[in-house]
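Residue-level structure breakdown
What follows is the residue order along each chain.
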Amino acid sequence: MIGAGIFAAFGPAAKAAGTGLLVGLALAAVIAYCNAVASAQLAAQYPVSGGTYVYGRERLGPWWGFTAGWGFVVGKTASCAAMALTFATYAVPGPVWVQRLVAVAGVLGLAALNYRGITKTVALTRILVGTSLLALAVVVAGIAAGGGATTANLGGFSSLASGGFYGILQSAGLLFFAFAGYARIATLGEEVRDPRRTIPRAIPIALALAVVVYLVVAVAALLAAGPDGLANAAAPLVAALDGAGAGALTPAVRVGGALAALGALLALIAGIGRTGLAMARERDLPTWLAAVHPKYRVPHHAELALAAIVSALVLTVDLRGVIGFSSFGVLVYYAVANASAFTQEPANRRWPRWLNVVGLLGCVLLVATLPWVSVCAGVAVFVVGVAGRAVVRRRLADPG
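Below or above, wherever it landed, is the structure these notes cover. (Residues numbered from 1 in each chain as written. Predicted model: local features only at pLDDT ≥ 70, side-chain atom pairs only at ≥ 80, totals over all residues. Heavy atoms only, no water.)

The secondary structure content of the chain amounts to 16 helices and zero strands. A compact globule built from 400 residues should have a C-alpha radius of gyration of about 21 Å, and the chain, at 20 Å, falls within 12% of that. Dimensions of the chain along its principal axes, counting C-alpha atoms only, are 65 × 45 × 40 Å. A total of 400 residues make up the chain; the buried ones form 56% of that total. In the chain, 81% of the contacts between residues at least 6 apart in sequence involve partners at least 24 apart. (Helix = DSSP H or I, 4+ residues; strand = E, 2+ residues; numbered from the N terminus. Rg over C-alpha atoms; globule rule 2.2 N^0.38 Å. Buried < 20%, exposed > 50% of the residue type's maximum accessible area, 1.4 Å probe, protein only. Contact = heavy atoms within 4.5 Å.)

Here is the structure:
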């Protein structure tokens, strides 16, 4: 969760809601919590690779599982390309073609690391997240010490509603993109020690820590640059440091943004590979992707295919505006997770059912308020996926 989203999402959120992005952040956090406990509860009952793809199949039926898995794989594959481009943009201020080559190098390097096993992935993730948190701490400290931050930039209590109710909801949908990493914990169920105990503890703790970090950074950035300053900036946290009179610290933001993007990309590759593995086992993706490396115990075919597809996207498409599209797929994924958790028996429940209802309704509401271009693209991709599965199932004479 502590990835590139925090370095990029505040800009479009401020454009949608102004200071009301703080309300949007709180709303996104509440819906994320509902989704997180649903995922944790399901992961404890089904500690296998695949996440909500598996939960949807088990609790609601194959088509619901496919819908969740398709949303995750397609949305997160696009997010991989966006994270790779974000990394290159922060790391290399040179020409676009150089940035694209650097982005491809990042994708291939992290795919190679994932290929060596999940313990290597965890070790590097700790380093990247630690460095990102240090960079964010420098940003907040710089804003506090710079002398330019002021409560006048918040515009008073009434400014919370300056973007209107729709703007607040849209900012929540966009900021949800930054919370979505907790799903990757559940998708790694087969590779976690004592998953029935570990996963239900890890997901809520990770989410709580991320919410605290995001809230502190959001308030600091608004005090320094104001909503207009954030909305008009390609790099919102750089604008915040400049507004606070601490521009000398902007290299810390660039380093932090680059490392955060790498951390997000590393986790995405691991999570998508496991979901692809689970879908391939059920013939919802080509069965070639179901192979597991005999030594490193990773879905190496799925990760190799993902690296090739993401590299092609990085070289050919500008996906820096993919946040809305990714949020669409992820929100559909979690809507299925909440519906699945709602059906669990009392013996397997750890949280009350009403949280599942709130989570499901929240996901649907945020999907409806995303930018219309993102909604149209998301609907089109889902139609293609569902139609493709229907054709394959008909050929296999297996309607299930």
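Anyway, onward from the coordinates.
This structure, assessed with the given rule, holds eight aromatic pairs. Arranged with centres 5.8 Å apart and planes meeting at 20°, the rings of Phe66 and Trp70 form a pair that is stacked. Within this pair, Phe66 and its partner Trp70 are both found in helix H5 (residues 62-91), separated by four residues, close to a single helical turn. With respect to burial, Phe66 and Trp70 carry one shared label: buried. (Phe/Tyr/Trp six-rings, centres within 6.5 Å; stacked < 30°, edge-to-face > 60°.)

Moving on: the packing of helix H2 (residues 10-17) against helix H8 (residues 164-179). Taken N-terminus to C-terminus, the directions of H2 and H8 make an angle of 170°; their axes are 8 Å apart at the nearest point. By the angle between their directions, the pair H2 and H8 is classed as roughly antiparallel. Residues Phe10, Pro12, Ala13, Ala16 and Ala17 of H2 form the contact with H8, whose own contacting residues are Gly167, Ile168, Gln170, Ser171, Leu174 and Leu175. In terms of residue class, the contact of H2 with H8 is made up of eight nonpolar, three polar and no charged. (Axes fitted to C-alpha atoms, helices over the stretch in contact; angles between N-to-C directions. Parallel < 35°, antiparallel > 145°, perpendicular 65-115°, else oblique. Nonpolar A, V, L, I, M, F, W, Y, C, P; charged D, E, K, R; others polar.)

A few words now on H2. Side chains that are three or four residues apart share a direction in an α-helix, a result of its 3.6 residues per turn. Burial runs high along H2: six of the eight residues are buried. Buried within H2 we find Phe10, Gly11, Ala13, Ala14, Ala16 and Ala17. Looking at the buried residues of H2, the elements they touch are helix H1 (5-8), helix H3 (21-45), H8, helix H10 (195-231) and helix H11 (236-243). A positive phi of about 65° marks Gly18, the residue just after H2.

With that settled, consider a nonpolar patch on the surface. Together, Val30, Trp354 and Val358 line one region of the surface with nonpolar side chains, adding up to about 300 Å² of accessible area. In this structure, Val30 sits in helix H3. Take Val30: its relative accessible area is 47%, and that puts it in the partly exposed class. (Patch = residues over 30% accessible without salt bridge, like charges linked within 9 Å, V, L, I, M, F, W, Y side chains within 5 Å. Areas by Shrake-Rupley, 256 points an atom, 1.4 Å probe, with all protein chains shown as cover. Salt bridge = Lys/Arg side-chain N within 4 Å of Asp/Glu carboxyl O.)

On to the nonpolar core, then. Of all hydrophobic cores here, the largest spans 122 residues; its most connected members are Phe179 and Tyr182. Once residues within four sequence positions are removed from consideration, Phe179 is found in contact with Met1, Leu25, Ala28, Ala29, Ala32, Leu207, Val211 and Tyr214. (Core = buried A, V, L, I, M, F, W, Y, C linked by side-chain atoms within 4.5 Å.)

This brings us to empty space enclosed by the protein. Counted by the stated rule, this structure contains one cavity of 30 Å³ or more. Empty space within the largest cavity amounts to approximately 50 Å³. Of all elements in the fold, only H5, helix H14 (323-342) and helix H16 (372-396) reach the threshold of two or more residues within the lining of the largest cavity. Residue contributions to the lining of the largest cavity peak at four residues, all from H5. (1 Å grid on protein atoms, 1.4 Å probe; cavity = no way out; pocket = protein on both sides within 12 Å on 5 of 7 lines; lining within 4 Å. Points joined across faces, edges and corners; volume = space filled by probe spheres on them.)

All right, on to the pattern of salt bridges then. For the structure on display, the rule yields four salt bridges. Two residues, Glu345 and Arg59, come together in a salt bridge whose shortest N-O distance is 3.1 Å. Residue Glu345 is located in the loop between H14 and helix H15 (353-368), and its partner Arg59 is located in helix H4 (residues 52-59); the two are separated by 286 residues in the primary sequence. Given the relative accessible area of 18%, Arg59 is considered buried. Among the ionic pairs, Asp284 bridges to Arg389, the shortest N-O distance being 2.6 Å. Remark: Arg389 occurs in helix H16 and Asp284 occurs in the loop between helix H12 (250-281) and helix H13 (300-316); sequence separation between them is 105 residues. Given the relative accessible area of 4%, Arg389 is considered buried. Three or more residues joined by partner-sharing salt bridges are found here, namely Arg57, Asp284, Arg389 and Arg393.

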